[in-house]
Amino acid sequence: MKKTLTRKKIKGHDYYYLTYRKEGKLVTKYLGNSSSIKYKKYLYLLTSKASLYGLNKVRTKNFKNGVPVAYVEDGYLVYEYKNGAKEYLNSKMQVVRVVKHGGK
């Protein structure tokens, strides 16, 4: 579902709304001003979805070429392999732990 972030300026203050269609009807959902929690959560959701899209795109390309994907998670360098296994390396490039697909 495509949603549009809309900004309305009322008495010099910006207020944000989400506008989208649901069952053919136009729906508007109030998010608040730029410091509201709803607005911040929406922006966080947008950035997290975008980053996951990029990671999934890289996974597809790298796995096709037989290369693992490398990224940082919780301060560790992680190598993720096509079979789902992940290697966690510390700052000295030593393997700290290996997590197999679906387990620890």
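Everything here concerns the structure above.
Computed from a prediction, not measured in an experiment: that's the story for all the values here. (Residues numbered from 1 in each chain as written. Predicted model: local features only at pLDDT ≥ 70, side-chain atom pairs only at ≥ 80, totals over all residues. Heavy atoms only, no water.)

## Looking at the overall build of the chain
Right, on to step 1. When helices and strands are counted, the chain shows one helix and seven strands.
Right, on to step 2. Relative to the globule expectation of 13 Å for 104 residues, the C-alpha radius of gyration of the chain, 20 Å, shows a markedly less compact shape.
Right, on to step 3. If one aligns the C-alpha atoms of the chain with their principal axes, the spans along those axes are about 60 × 30 × 25 Å.
Right, on to step 4. Burial statistics for the chain: of 104 residues in total, 21% are counted as buried. (Helix = DSSP H or I, 4+ residues; strand = E, 2+ residues; numbered from the N terminus. Rg over C-alpha atoms; globule rule 2.2 N^0.38 Å. Buried < 20%, exposed > 50% of the residue type's maximum accessible area, 1.4 Å probe, protein only.)

## Quick look at the environment of Tyr-88
Right, on to step 1. Along the polypeptide, Tyr-88 turns up in strand 6 (residues 86–89).
Right, on to step 2. Residue Tyr-88 is classed as buried on the basis of its relative accessible area of 5%.
Right, on to step 3. Apart from residues lying up to four places away in sequence, Tyr-88 is in contact with Glu-73, Tyr-76, Leu-77, Val-78, Gln-94, Val-95, Val-96, Arg-97 and Val-99. (Contact = heavy atoms within 4.5 Å.)

## A word on a positive patch on the surface
Right, on to step 1. Together, Lys-3, Lys-22, Lys-29, Lys-38 and Lys-49 line one region of the surface with positive charge.
Right, on to step 2. Along the chain, Lys-3 turns up in the segment before strand 1 (4–10).
Right, on to step 3. For Lys-3, a relative accessible area of 40% translates into the label partly exposed. (Patch = residues over 30% accessible without salt bridge, like charges linked within 9 Å, V, L, I, M, F, W, Y side chains within 5 Å. Areas by Shrake-Rupley, 256 points an atom, 1.4 Å probe, with all protein chains shown as cover. Salt bridge = Lys/Arg side-chain N within 4 Å of Asp/Glu carboxyl O. Lys, Arg positive; Asp, Glu negative; His and termini not counted. Charge placed at Lys NZ, Arg CZ, Asp CG, Glu CD.)

## A look at unusual backbone geometry
Right, on to step 1. Unusually for a residue other than glycine, Glu-23 sits at a positive phi of about 55 degrees.
Right, on to step 2. Tracing the backbone through its elements, the reader meets Glu-23 in the loop between strand 2 (13–22) and strand 3 (25–32).
Right, on to step 3. One non-glycine residue, Met-93, adopts positive backbone phi at about 60 degrees.
Right, on to step 4. Mapped onto the fold, Met-93 is located in the loop between strand 6 and strand 7 (95–99).
Right, on to step 5. Met-93 sits in the partly exposed class, given a relative accessible area of 47%.

## A short note on the sheet that holds strand 4 (residues 69–73)
Right, on to step 1. One open sheet accounts for four strands, arranged 4-5-6-7; its pairing is antiparallel. Looking at the sheet topology across the chains shown, the edges are occupied by strand 4 and strand 7. In this sheet, adjacent strand axes meet at a mean angle of 25 degrees when their direction is disregarded.
Right, on to step 2. In terms of strand pairing, strand 5 (residues 76–80) meets strand 6 through four bridges, oriented antiparallel. Residue pairing in the sheet places Tyr-79 in a bridge with Glu-87 of strand 6. (Pairing = 2+ DSSP bridges. Axes fitted to C-alpha atoms, helices over the stretch in contact; angles between N-to-C directions.)

## Looking at the pairing of strand 6
Right, on to step 1. In this structure, the hairpin formed by strand 5 and strand 6 is closed by a connection of five residues, where Gly-84 is found at a positive phi of approximately 95 degrees.
Right, on to step 2. Judged from the four bridges that link them, strand 6 and strand 7 form a sheet pairing that is antiparallel. From the neighbouring strand, Glu-87 faces strand 7, where its bridge partner is Val-98.
Right, on to step 3. The antiparallel hairpin formed by strand 6 and strand 7 contains five residues in its connecting segment, where Met-93 sits at a positive phi of about 60 degrees.

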